[in-house]
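# Coordinates in review
The primary structure of each chain is shown beneath.
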Amino acid sequence: GRDWTDHVWTEVYSDKLGRWVHCDPCEEAWDKPLLYSCGWGKHLSYVLAFGRHGVADVTARYVPRFREALEARKLVGEDWLERKV
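Cut-offs and rules
Residues numbered from 1 in each chain as written. Predicted model: local features only at pLDDT ≥ 70, side-chain atom pairs only at ≥ 80, totals over all residues. Heavy atoms only, no water. Pairing = 2+ DSSP bridges. Helix = DSSP H or I, 4+ residues; strand = E, 2+ residues; numbered from the N terminus. Salt bridge = Lys/Arg side-chain N within 4 Å of Asp/Glu carboxyl O.

### So, the sheet that holds strand β2 (residues 19-24)
Strand order in the open sheet formed by three strands is β1-β2-β3, with antiparallel pairing between adjacent strands. On the outer flanks of this sheet lie β1 (10-14) and β3 (29-30), each paired with one strand and no other. Two elements, β2 and β3, share two bridges in a ladder whose sense is antiparallel. Its bridge partner lying in β3, D24 is registered against A29.

### Details of the pattern of salt bridges
If you walk through the whole model with that rule in mind, you get five salt bridges. The partner of D31 in a salt bridge is R19, with the nearest N and O atoms 2.7 Å apart. You can see D31 sitting in the loop between β3 and α1 (35-39) and its partner R19 sitting in strand β2, a full twelve residues away along the chain. Between D79 and R83 there is a salt bridge; the shortest N-O distance is 3.8 Å. Highlighted residues: D79 and R83, both in helix α4 (residues 78-84), separated by four residues, approximately one helical turn.

Coordinates in, geometry out; function isn't part of it.
Structure below.
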């Protein structure tokens, strides 16, 4: 089954690395995006990033097997999600 509990973290853009980096101050974690799926055993299917410029689906960064996460998505169709984010 799905785990409906939530956890909030942030991503910061690193000019040095040239990419967005996972940052979780509660867990003292930097650049460990698989912490939740691999470390905690969470079964993530939707991970959405919210910012002042919009919303982005960032699930692929937070799961080791993105295809499996896609198959687990049942709340909305992928075409709907792509149009909305």
